[in-house]
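Here is what each chain is made of, one letter per residue.
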Amino acid sequence: MRVGVYFCNCGINIAGRIDPEQVKARLQDMPEVDYFETCGFLCSEDGKRFLAEDIRNKEPARVVIAACSPRDHEANFMRVLESAGLNPYLFQMANIREQVAWVTSDPERALSKGVSAIRSAIARVRLHEPLEKQKLDIIPDVLVIGAGPAGLKAALTLAAADRRVVLVEKDPVIGGKPVRYEELFPAMECAPCMLEPLMGDVFHGEHADRVELLTQTNVVEVTGYYGNFIVKLRQQPRHVDPVQCIGCGECVAACPASAPNEFNCGMSERKGIDFPFAGALPYAPYLDHQTCVRGKGDECRLCKDACPLGPDIIDLDAGELVKERNVGAIIVATGAGLYDCSALPNLGYGRLPNVYTSYEFERILSSTGPTGGELVTKEGEPPGSVAIIHCVGSLDDGHVPYCSGVCCQYAFKFDHLLRSRLPDIRITHLYRQLVLPGKDGTTLYREAVTSHAVDLIRYENISEFSLYSCNSGNGGTIISVGQYGKLNADLVILCPAIAANQGAATLAEVLDVSRDRWGFFEELHGRLDAAQSKLMGVYLAGTCQSPMDIQQAMQQGMAAAGYVLAGLIPGRKLEIEPITAAVQTDRCGGCRVCIAVCPYKATGFDEESRKSAVNPILCHGCGTCVAACPAGAMEGHHFTFAEITAEQEEALG
Amino acid sequence: MIRHNVPAGFEPKIIGFLCNWCSYAGADKAGTAQIAYPPNIHVVRVMCSGRVDPQFVLQAYHKGADGVLILACHPGDCHYKEGNYRTAQRNRLLKLLLGQFGIEEERCRLDYVSAGEGERFARIVTEMVESLRRLGPLATNHHGKEA
Ligand SMILES: Cc1cc2nc3c(=O)[nH]c(=O)nc-3n(C[C@H](O)[C@H](O)[C@H](O)COP(=O)(O)OP(=O)(O)OC[C@H]3O[C@@H](n4cnc5c(N)ncnc54)[C@H](O)[C@@H]3O)c2cc1C
Ligand code: SF4
Ligand code: SF4
Ligand code: FES
């Protein structure tokens, strides 16, 4: 075995502490060392050229590079090896800069430690096997789950790049939360108008033919892996053909059944067949089974008969559809919910008539909401005073310690909207921290504090609050806040922390992706890869990953689409890292320990042979199963038992 | 076991298994921050602490190590979701086994170092070297190093 050793001086970073000549002398007794070369800066363009040429000339069987950390340049050197015709895995780095030269003050001991690191690398590299990247065919199509801002942006970006997209939305309406708002911070733009172009593009934009929108649909099963997922979708019937329906609403008027409208948080009624709210897209009503009297054995068909377009538009007997789609990647954009205010009973939510969550208040402000945008209390009176309580459940170890980053801004948005509708209104903000990030973040706040007498009260802890009814019985609320005393408010708005969606747990299970400690979908890396989940081929966009505003949600939608476009390229095969585990079938005893420990479900059991097998596409190469296998049947490529023991034996020798 | 005769100038040998994503990066961080620590450790890089087979640890002692350090990502931060939980589980069994062999508990340490914790890495190594200096060479070593 002929091993070539390259020693990088790294200027004086390494050579200033470890003398290469002395290193060379201390490798004399290793017969496998064929040659020892030094270089000023191996990672420079000149250095890499030298390395490639030298390897081509000397044709070593293995290469050891003693230099910086493999985390810096291992990948670069591997590419050089490959270009020089050597399998890049027949190579080992000895980290003599970060882990020796820079941390060892005594030169003699630095030399010994460096030599030991290099000798161990030589002992190990002898055992290295050439490894090849596996190449797989891919499906370039994408599943996007959730048609809010993040999902819409991701879907349209992919469609513009000619990708076929299956866009799945659980509700009968698209646009996510913001289509239900009246106006948006920071610029007070009309929310549905801002989203209209995006939503319109899904139906009749230039690339609309590439987007298959499935509303009232849930993802119920996912099998396969990056490049080739098979997803099973369950779609509830709308009972109304959204393409032919002209949205006249004759069926709605005819329907005898009604129930609280969940799209208005139950603050108004809707019919058994109805629009979620005015202007909701797709522009067609949907029939709700729970409400429709046919579900209770009645033979009603009033809606069908009322339709001016004839009997083909409403199909009362339509049933649930199960659809299967084959996609290469999945983008999760399912949004978030609000922290449950019933966990803070002192705030009176659910008990006092005029205490609302911010989301409910958005609906009250909205012209498509329960009051048609008329700002009134439960009693039907315009409020004279409003209290906005920020940080509900946020920044609080008893609830959630994080800041959601959007609440203060929408609180001042509320301030703006309240004042523009009721100029004499008295508004009090009670907050724990004011957080207004970004270049436009303070606009509405500054407007509030400069244009009128807004009261800002900083409180210590939400537990100091106690809310109760005014004795006058006019629906008003008395807020008592610890040492600050009391104030009256006709309307109280709570700004709860943004919290994980209720359905997130089920979806995470179906996708087999992890969630963080708050229940948000967990990113691969908080700084580098926030739009990627820990499961290859599953990406994250918007508030399902972390609280954020619409700007960030749109950007993350683009980012997730970018990952897909960069990773799944039609006509190009997917390269799979060869550092994976593999079962040596003859030694496998079929105990299934490896299956129990694999965090990626990459190990499976073959019932016929009664032995385990690793799917190299799913395997991330952590080696947990390798260490766990009691039969020594699991091999960890590039980190084999023999390789690691050879390394440590030499280091201890 | 208390050892009274620690040979003069005894320098313990430590094998450190460091996972690539956090602790190896933490060790590199000690380097970039130029935090000096005793050179008694040889670092074996593994992708995840979950790869650390107890046999590696036993073999390290057999081949002359006086201590073994296993460093992982902090709980919840493992690059592979839960490799470090497996390591912690395994470590409890390993401790029992080492006890049966009469190998002192201080000779095997599982700890957590993140990519930014260069100082913590250097401190852990320093502490371990100091405690092994007090303990002296491992009795089971058959490399003639014992006084
Ligand atoms: C009261 C309030 C006011 C706000 N005001 C502003 C503002 O003025 N300006 C601003 O920039 N930001 C504002 N925000 C923040 C804004 O709401 C979010 O940034 C935005 O909604 C994030 O978009 P998204 O696509 O991630 O999620 P969402 O808007 O929540 O959309 C997610 C979509 O996924 C669907 N879905 C969920 N689960 C599933 C499933 N399992 N299968 C299929 N589909 C699913 C949902 O039905 C929804 O359509 C406000 C937030 C709140 C709470
Ligand atoms: S742990 Fe080892 S022996 Fe058991 S099933 Fe897996 S590969 Fe086979
Ligand atoms: S190496 Fe890790 S990811 Fe791969 S099969 Fe084993 S446990 Fe699963
Ligand atoms: S990657 Fe660090 S412990 Fe698993």
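(A) Inspection of the sheet that holds strand β4 (residues 108-112) of chain B at higher detail. Residue and element names in this part refer to chain B. Judged by pairing direction, the sheet is parallel, and its four strands sit side by side in the order β2-β1-β3-β4 without closing on themselves. With partners counted over all chains shown, the strands left at the sheet margins are β2 (41-46) and β4, one partner each. Going from strand to strand, the sheet's axes swing by 20 degrees on average, the running direction of each strand aside. As paired elements, strand β3 (residues 67-72) and β4 share five bridges and run parallel to each other.

(B) Geometry of the environment of A:Gly380. Residue and element names in this part refer to chain A. Considering the arrangement of structural elements, one finds Gly380 in the loop between α10 (358-365) and β21 (385-392). Looking at Gly380, the relative accessible area reads 42%, which means it is partly exposed. It is 20 Å that separates the C-alpha atoms of Gly380 and Asp415, two residues lying 35 residues apart in sequence.

(C) Layout of the sheet that holds strand β22 (residues 426-431) of chain A. All names here are of chain A. The strand order across the open sheet built from five strands is β20-β27-β21-β22-β23, with neighbouring strands paired in parallel fashion. Bordering the open sheet on either side are β20 (355-357) and β23 (455-458), each of which pairs with just one other strand. For this sheet the average axis-to-axis angle between neighbouring strands, irrespective of direction, equals 20 degrees. Sheet topology places β20 next to strand β27 (residues 491-496); three bridges connect them, and they run parallel. Across the sheet, residue Val355 finds its bridge partner in β27, namely Val492. α10 rests against β20 and β27 of the sheet, and its axis sits at about 95 degrees to β20. Contacting β21, β22, β23 and β27, helix α11 (residues 407-421) crosses the sheet at an angle of about 170 degrees to β21.

(D) Spatial organisation of the site of ligand 3. In the vicinity of ligand 3 lie 13 residues, with A:Cys598, A:Cys619, A:Cys622, A:Gly623 and A:Cys625 positioned nearest. When the residues that make up the shell around ligand 3 are grouped by side-chain class, the tally is nine nonpolar, four polar and no charged.

(E) Just the site of ligand 2, in detail. Close to ligand 2 lie 13 residues; A:Cys588, A:Cys591, A:Arg592, A:Cys594 and A:Cys629 are nearest. When the residues that make up the shell around ligand 2 are grouped by side-chain class, the tally is nine nonpolar, three polar and one charged.

Criteria and cut-off values
- For every chain, the first residue of the written sequence is number 1, and numbering continues from 1 onward in sequence order.
- Chain letters and ligand numbers both follow the written order, the letters beginning at A and the numbers at 1.
- Local features in a predicted model are, by the rule used here, given only for residues with pLDDT of at least 70; side-chain atom pairs are given and counted only at 80 or more, and totals for whole chains, interfaces and linings are based on all residues.
- Hydrogens and waters are ignored; side-chain quantities use all the structure's heavy atoms.
- At least two DSSP bridges between two strands are needed for those strands to be called paired.
- Numbering of helices and strands starts at the N terminus; helices are DSSP runs of H or I of at least 4 residues and strands are runs of E of at least 2.
- Here an axis means a line fitted to C-alpha atoms, over the contact stretch when the element is a helix, while the angle between two N-to-C directions is reported on a 0 to 180 degree scale.
- Between buried and exposed lies partly exposed: a residue is buried under 20% and exposed over 50% of the maximum accessible area for its type, with that area taken using a 1.4 Å probe on protein chains only.
- Any two residues whose heavy atoms approach within 4.5 Å are treated as being in contact.
- Whether a residue is near a molecule or strand is decided by its heavy atoms; if any one of them lies within 4 Å of it, the residue is near.
- Residues are grouped as follows: Ala, Val, Leu, Ile, Met, Phe, Trp, Tyr, Cys and Pro are nonpolar; Asp, Glu, Lys and Arg are charged; every other residue, Gly included, is polar.

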